[in-house]
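Read off the chains here:
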Amino acid sequence: MSETSCGPAAFRYRAFISYSHRDAAWADWLHKAVERYRVPRALVGKTTAQGIVPARLTPLFRDREELPAATDLSTVITAALESASHLVVLCSPRAAQSKWVNEEILAFKRLGRADRIVAIIVEGEPNSGDPATECFPPALKVTLEGTPTEPVAADARESGDGKDNAKLKLIAGLLGVGLDDLKRREAQAQRRRTLFAYGLTGVFALLAVAAVFFAFRAEEQRARAEAGETEALAQRDRANAAVGAARDQAEFMVTEFAGKLRTAPGAQFGVLSEILKSSIGLLENLGKTSPPGTAELGVLALGRLALANAMNHLGDFDGAAGEIDRVLAIQDDIAPRPDAPDTLTVERALALDLRGDARRRSAPDKALADYQTARALRAKALEAHPRDLTYLEMMVRSDEKIAWAHILLNDAKQSAVAYQAALDGAKALAGSWATEDWPQRLLVPRITYGFGYLHALIGEKLTAEDQLFTAMETLKGLWQEFPRNTEIYAELGTATDRYASHLEADGDPVAETAYKRALGVADELHDLDPGNFQWSEDLYRRHAMLSVMAADAKRPGLALYHVRRAIGVLEENPGLTERSPEWREDLAGFRTFEQKLIAEGATETPPETKQQ
C-alpha cells in the first residue's frame with residue numbers, strides 16, 4: 001500500500017481498540033466517546049500526516065470475545081488489525097499483563113504502523129517497574145528491534161489529563177492535529193452551539209421566576225386578606241392588582257417564548273421546554289387557594305400550546321398531542337364563561353393545527369381533519385373581521401397545511417386545489433408586510449416550493465422546476481437579509497433539497513451539487529441542536545440520497561462515507577429512533593446497504609478525496 005493511500009479513508013476501521021477484557025467498561029466509554037465526537041467544521045477536510053480530517057472518527061473495532069488459548073492471534077483479530085488506520089491501546093496494569101494486548105501491539109508494529117499507535121492511560125503508573133502498578137504493555141516500550149522507546153500517552157486518570165482532556169488528546173492524535181488547535185476549535189464550536197441557548201434561557205428563566213414570584217405573593221396576599229378582618233378590602237385590592245401583574249408577566253413570558261422559538265436555534269426547544277414545563281406546574285399550583293379565573297386559564301393554555309410546539313420540533317409527537325388535548329380541555333372550560341375572550345376561536349384553531357402537526361406522520365387522515373376544523377374556525381372568525389391581516393394570514397396557513405396533508409394521503413387533485421388557494425392568498429397579502437415581517441414574507445416562497453414538489457410528483461416537470469427554482473432564489477435573498485435566522489435557513493435547505501430531488505429524477509448532473517448545498521444547511525443546523533427531530537431527519541436523508549447517487553455513479557467509497565454519516569445521525573438519537581418506526585426502518589436499511597458496500601470491497605472515501 002503506497003504512502004498516499006495510507007490515509008484513514010483507505011482502511012475499514014478508523015482505529016482498533018486494544019484492551020484487557022477486564023477493562024471493558026473503559027473500552028465502552030472510549031468507543032462511544034470517540035465515535036460520537038463531531039470534529040469541528042473548521043478542521044474537516046484538512047490534510048494532515050494522518051490523512052484528510054474526517055467529520056467523524058468511525059467506525060472503531062473493539063468487539064471481541066476472550067481469545068482462544070493459542071499462540072497466534074485469531075484470524076478475525078488479525079484481519080481487523082490489518083484493516084485499521086490506528087491502534088488505540090487502553091493502558092492499565094491488567095492490559096500490561098495481557099498476552100493478547102501485547103501481541104496486538106506487536107502485530108500492528110509489524111504492519112509498519114508504529115507511528116499510528118496512540119495510548120491512553122486509564123489506571124496504574126507508567127514505567128513503574130512494579131507489575132502490580134505498571135500500565136504500559138512491554139511491546140509499547142520497545143521497538144521491534146528491541147530499542148527502548150518512550151510512549152506518548154493521554155492520561156484519563158484524575159491525577160493526569162482527566163477523561164475529557166484525555167479524550168481530546170487521543171482524538172488529536174488520531175486526526176494528526178495539534179491538541180491546542182483542536183481544543184480551540186472545539187471551544188469555538190461549543191460557543192456557537194450554546195450562545196443562543198444560554199442567552200435566551202437566561203431571559204426566559206428570569207421571566208418565569210418573576211411571574212411565579214409575583215403570582216405566589218399575590219395568592220398569599222389574597223389568602224391573608226380573606227382570612228383577616230383589618231384592611232381586608234384594601235389588601236384584596238392590592239392582591240388582585242398583584243395577580244393582574246403576575247398574569248401580565250406570565251402572559252408576556254409565554255407569548256415571547258413562542259415568538260422567540262421561531263428564530264432561535266433548535267437548542268432552545270429542549271432547554272426552554274423544560275423551563276416552560278416547570279413554570280406551568282408552578283402556575284397551576286397557584287389555583288389551589290382559589291379557583292383560577294378565565295385569564296389565568298388562558299395563560300396556562302398558551303403555555304401548553306408553546307410546549308406542544310417545542311415537543312413537535314423535538315420529535316415527541318405523542319407528548320405534543322397530549323399537551324394539545326389538555327389545551328382543548330382548558331378551552332372547553334373557558335368557552336361558556338361570560339368573560340371568555342374573543343380570541344378563543346383562533347386559539348383553538350392554533351391548537352388543532354399543532355395536534356395535526358403531531359399526527360400527520362402516524363395518522364395523516366386525522367391530521368387533515370384537525371387542519372380542516374381549524375380552517376373552519378378561522379373562516380368563522382374572519383367573517384367578523386374580514387379585513388384583518390392576521391386572520392387572512394391564518395387562512396393561508398390553513399390551506400397550506402391542508403395541501404400537505406392531501407399529499408401524504410396521495411390525493412394530488414385536492415392538494416393542488418388547496419395549494420392554489422394558499423398561493424393566491426399569500427400573493428394577495430405579499431404587499432402588506434413590512435421588511436421585518438419575515439414570517440409572513442416566508443409564506444409565498446414556502447408555498448411555492450411545496451406546490452412545485454406536488455407538480456414534480458404528478459409529472460409536470462416544467463412547472464415544477466420553475467416553481468422550485470423561484471422559491472429557492474427568493475429564500476436565498478431572504479436569508480441574506482436575516483443571516484442568523486434558523487427558520488429561514490431551514491426553509492432554504494428544504495427548498496434546495498426539493499429542487500435537487502427534481503433534478504435528480506430528471507437525470508440532471510447538477511442535482512448532486514444542489515444536494516450538497518442542502519446537506520451543508522442541514523449539517524450546520526444539526527450542529528446547533530442534534531436533538532431537533534426535523535433537522536436530524538433532513539441531515540440523514542440528504543446523506544442517504546448522496547450515498548445512492550454515489551453508488552449509481554460507481555463511487556462505492558463515497559457511498560460508504562455518506563451512508564455511515566446517515567447511520568451516525570440516527571444512532572446519536574436513540575430515543576427518537578425508538579419512537580419513530582420510519583427511522584428504525586431507515587436505520588436497518590442503511591446498515592444493510594453499508595454491509596453490501598463492504599462486501600463488495602468498498603473502503604470509505606470522504607468527499608474531499610479524489611475518487612478512483
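Above this text is the structure in question.
In this text, all values refer to a predicted model and were calculated from it rather than measured experimentally.

Engineer: I'm lost on the pairing of strand 6 (residues 117-121) in this one. Help?
Structural biologist: The side chains of a regular strand alternate between both faces of the sheet. The buried count for strand 6 comes to five of five residues, which makes it a mostly enclosed element. The alternating pattern of strand 6 places Ile117, Ala119 and Ile121 on one face and Val118 and Ile120 on the opposite face, and all of these are buried. Pairing geometry for strand 5 (residues 84-91) and strand 6, over five bridges, is parallel. Each bridged residue has a counterpart across the sheet, and for Val89 the counterpart in strand 6 is Ala119.

Engineer: Can you help me understand the sheet that holds strand 5 in this one?
Structural biologist: Read across the sheet, five strands follow the order 4-1-5-6-7 without closing on themselves; strand pairing throughout is parallel. Strands with a single pairing partner mark the edges of an open sheet, and in this sheet they are strand 4 (60-61) and strand 7 (153-155). Summarising the sheet, strand 1 (residues 13-18) and strand 4 pair through two bridges and their orientation is parallel. For Ala15, the partnering residue across the bridge sits in strand 4 and is Leu60. Across the face of the sheet, helix 1 (residues 24-35) comes into contact with strand 1, strand 4, strand 5 and strand 6 while running at roughly 140 degrees to strand 5.

Engineer: Would you mind showing me how to read helix 23 (residues 581-599) here?
Structural biologist: In an α-helix there are 3.6 residues to a turn, and that puts residues three or four apart on one side. Helix length check: helix 23 (19 residues) gives 27 Å between terminal C-alpha atoms against 27 Å at 1.5 Å per residue, within 8%. Along helix 23, the residues classified as buried are Trp583, Asp586, Leu587, Phe590, Phe593, Glu594, Leu597 and Ile598. Along the axis of helix 23, the buried residues cluster in a sector spanning 135 degrees; they form a single face. In helix 23, the exposed positions angled more than 90 degrees off the buried face are occupied by Glu585, Thr592 and Ala599. Looking at the buried side of helix 23, the elements it contacts are helix 20 (533-552), helix 21 (556-571) and helix 22 (574-579). A positive phi of about 95 degrees marks Gly601, the residue just after helix 23.

Engineer: Can you help me understand the nonpolar core in this one?
Structural biologist: Nonpolar side chains in soluble globular proteins tend to be buried together. Counting residues in each nonpolar core, the largest one holds 75 residues, and the members touching the most others are Leu305, Ile324, Leu525, Tyr540, Phe590 and Leu597. For this core, the element with the highest residue contribution is helix 21, accounting for nine residues. Among residues more than four places away in sequence, those in contact with Leu305 are Ile324, Val327, Glu347, Leu350, Ala351 and Leu354.

Engineer: I would appreciate a short explanation of the packing of aromatic side chains in the present structure.
Structural biologist: Describing an aromatic ring pair means giving the distance of the ring centres and the angle of the ring planes. If you walk through the whole model with that rule in mind, you get eleven aromatic pairs. The interplanar angle of 25 degrees and the centroid separation of 5.0 Å between the aromatic rings of Phe16 and Phe61 together place this pair among those described as stacked. With Phe16 in strand 1 and Phe61 in strand 4, this pair connects stretches of sequence that are 45 residues apart. By the burial criterion, Phe16 is buried, and Phe61 matches it. Between Phe317 and Phe533, the ring centres sit 5.1 Å apart and the planes meet at 80 degrees, which makes this aromatic pair edge-to-face. In this pair, Phe317 sits in helix 10 (residues 317-334) while Phe533 sits in helix 20, placing the two residues 216 residues apart along the sequence. The exposure class assigned to Phe317 is buried, which follows from its relative accessible area of 17%. These aromatic residues form a ring-pair network of at least three members: Phe317, Phe533, Tyr540, Trp583 and Phe590.

Cut-offs applied
Residues numbered from 1 in each chain as written. Predicted model: local features only at pLDDT ≥ 70, side-chain atom pairs only at ≥ 80, totals over all residues. Heavy atoms only, no water. Buried < 20%, exposed > 50% of the residue type's maximum accessible area, 1.4 Å probe, protein only. Helix = DSSP H or I, 4+ residues; strand = E, 2+ residues; numbered from the N terminus. Pairing = 2+ DSSP bridges. Contact = heavy atoms within 4.5 Å. Axes fitted to C-alpha atoms, helices over the stretch in contact; angles between N-to-C directions. Expected span 1.5 Å × (residues − 1). Arc of directions from axis to C-beta. Core = buried A, V, L, I, M, F, W, Y, C linked by side-chain atoms within 4.5 Å. Phe/Tyr/Trp six-rings, centres within 6.5 Å; stacked < 30°, edge-to-face > 60°.

It is worth stressing that arrangement in space is one thing and function is another; only the former is reported here.
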